[in-house]
Amino acid sequence: PPSGIAVAHGMAAVGTRVLPPAGAKDLGPAADTRRIRVVVALKPRDPAALSAFVAAVSTPGSALYRHYLAKGQFASVFGPTPAAIAAVRSALTARGLHVGSVSSDGLLLSMTATTGQIRSAFGATMHAFRLASGRVVEANVSAPVLPARIAPLVEGVVGLDGFFTYQPASLQSASPARGIASAARHLIKGQPVPCSSALKVGGATGPNIAAAYDMDPFYNAADFGAGERIDLFELGPYDPKVVFAYEHCYGIRYVPITNINVDGG
């Protein structure tokens, strides 16, 4: 969010223009029909109280140490008031946007709109840019604004620029010989053995990663995590064939996977 709110003609900034990365070329105004997903983030009802609570539950010796909120409590304790949510929703609807449901904590209002609607609703001019990688994205070349009466309720507008995308951070590569030696050194009885393909590729194998996270004591106690369920946060679609290949490589029986959408994504 901006450090200060500049008011002009009854409007106030609710974000900033993001500067393009090095090598990006401005291709001019984006097509008005391009659809993008935008999220309007609202401010909690009492940011100072929220910060104090976070510090208290995280500080040993505090009376609230580890007295976390129960699931579903955040909205009623720290989330925006129903009146604040309704005011922002009403203002966005009046500016031609179709607002979806609010997130369970009350902080996020999601919508899908065209770049033309974005320009009309937020006064943000959208341009197309060709990145150094060749990918073409849209981004706002002016700060988004909203009516000054509701701007103080808004933390910012997310999704107006496509310059930066989340991507996997690849493991540092290692020579195949190093990978084989390391894997052999850390194998423990009962631990899944990597297949030859994993050893030839180089990099880290399952046993390497387990050793790095000090899981050997569990393995030595014959605790391999059987029967446990884990959640993996994915930022995009994945290829199930990769999961099957991993299971086949390590001799792991098929593990069922359930996909759960979070906030519509």
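For the structure itself, look to the data block above.
Just so we're clear, the structure is a prediction, and the values are computed from it rather than from any experiment. Within each chain, residues carry numbers counting from 1 in the order of the written sequence. pLDDT decides what is reported in this predicted model: residues at 70 or higher carry local features, side-chain atom pairs at 80 or more are listed and counted, and totals for whole chains, interfaces and linings draw on all residues regardless. Hydrogens and water molecules were not included; the side-chain quantities draw on all heavy atoms of the structure.

Engineer: Residue-level account of the overall build of the protein, with values.
Structural biologist: In this text, helices come from DSSP runs of H or I with a minimum length of four residues, and strands from runs of E with a minimum of two, each type numbered from the N-terminal end. Check the secondary structure of the protein and you find nine helices and nine strands. For every residue, the accessible area (1.4 Å probe, protein chains only) is compared with the maximum for its type, and the residue is labelled buried under 20%, exposed over 50%, or partly exposed between those bounds. Within the protein, the proportion of its 265 residues that are buried is 31%. Computed by Shrake-Rupley with a 1.4 Å probe, the accessible areas treat only the displayed protein chains as cover when residues are assessed. Carbon and sulfur atoms provide 59% of the accessible area of the protein, an area that totals close to 17,100 Å².

Engineer: Could you give an account of the pairing of strand S6 (residues 126–130), with specific residues and numbers?
Structural biologist: Along S6, four of the five residues are buried, which leaves the element largely enclosed by surrounding structure. Two strands make a pair as long as DSSP finds a minimum of two bridges between them. As defined by bridge partners, strand S3 (residues 25–29) adjoins S6 across four bridges and the pair is classed as antiparallel. Paired with Lys25 across the bridge in S6 is Arg130. Summarising the sheet, S6 and strand S7 (residues 136–140) pair through five bridges and their orientation is antiparallel. Bridging from a neighbouring strand, Arg130 pairs with Val136 of S7.

Engineer: Any details on the sheet that holds strand S5 (residues 108–114)? Residues and values, ideally.
Structural biologist: Judged by pairing direction, the sheet is antiparallel, and its three strands sit side by side in the order S5-S4-S9 without closing on themselves. For this open sheet the edge positions go to S5 and strand S9 (154–158), each flanked by a neighbour on one side alone. Sheet twist, expressed as the average angle between the axes of neighbouring strands with direction ignored, equals 20°. In terms of strand pairing, strand S4 (residues 35–42) meets S9 through four bridges, oriented antiparallel. In the sheet register, Val39 faces S9, and the bridge partner there is Val158. Contacts between residues were defined by any pair of non-hydrogen atoms, one from each residue, lying within 4.5 Å. Lines fitted to C-alpha atoms define the axes here, with helix axes fitted over just the stretch in contact, and angles between the N-to-C directions of these axes take values from 0 to 180 degrees. In this fold helix H3 (residues 82–94) packs onto S4, S5 and S9, with an angle of close to 5° to the strand it touches most, S5. Of the strands in this sheet, S4, S5 and S9 touch helix H4 (residues 115–122), which is tilted by about 125° from S5.

Engineer: I'd like a rundown of the environment of Pro207, residues and numbers included.
Structural biologist: Looking at where Pro207 falls in the secondary structure, it is placed in helix H7 (residues 206–212). For Pro207, a relative accessible area of 1% translates into the label buried. Separated by 14 residues in the primary sequence, Pro207 and Val193 have C-alpha atoms spaced 7.9 Å apart.

Engineer: If you had to explain the sheet that holds S7 to someone new, which residues and values would you point to?
Structural biologist: Judged by pairing direction, the sheet is antiparallel, and its three strands sit side by side in the order S3-S6-S7 without closing on themselves. Every interior strand has two partners, whereas the edge strands, S3 and S7, have only one. Between one strand axis and the next, the sheet turns by 35° as a mean value, whatever way the strands run.

Engineer: How would you explain the pattern of salt bridges if you had to name every residue and give the values?
Structural biologist: What counts as a salt bridge is simple: a side-chain nitrogen of Lys or Arg found within 4 Å of a carboxyl oxygen of Asp or Glu. Inspection of the entire model under this criterion finds three salt bridges. Of the charged contacts, one joins Arg119 and Asp32 as a salt bridge, the two residues approaching to 2.8 Å between their closest N and O atoms. Of the two residues, Arg119 sits in helix H4 while Asp32 sits in the loop between S3 and S4, which places them 87 residues apart along the sequence. Close ionic contact of Asp239 with Lys241 constitutes a salt bridge, the shortest N to O distance being 3.3 Å. For Asp239, a relative accessible area of 34% translates into the label partly exposed.

Engineer: Can you explain the nonpolar core? Please cite residues and give values.
Structural biologist: The term nonpolar core refers to a set of buried residues drawn from Ala, Val, Leu, Ile, Met, Phe, Trp, Tyr and Cys, joined through side-chain atoms within 4.5 Å. Ranked by size, the top nonpolar core spans 27 residues in total, and within it Val40, Leu92, Leu109, Met111, Ile118 and Phe122 carry the most contacts. Among residues more than four places away in sequence, those in contact with Met111 are Ile36, Arg37, Val38, Val40, Leu92, Leu97, His98 and Val99. Ranked by size, the runner-up nonpolar core spans five residues in total, among them Phe129, Val137, Ala139 and Phe163.

Engineer: Please give an account of helix H9 (residues 240–250) that cites residues and values.
Structural biologist: All of the buried residues along H9 are Glu247, Cys249 and Tyr250. Down the axis of H9, the sector holding all buried residues measures 160°, keeping them to one side. What points out from H9, more than 90 degrees from its buried face, is the exposed set Lys241 and His248. What qualifies as a polar contact is a pair of N or O atoms within 3.5 Å, subject to a donor-acceptor requirement within protein and to the restriction that residues adjacent in sequence count only when both atoms come from side chains. Near the N-terminus of H9, the side chain that reaches the backbone nitrogen of Lys241, with its oxygen 3.0 Å away, is that of Asp239. Just downstream of H9 lies Gly251, where phi reads positive at about 65°. This arc is built from the directions going out from the helix axis to the C-beta atoms.

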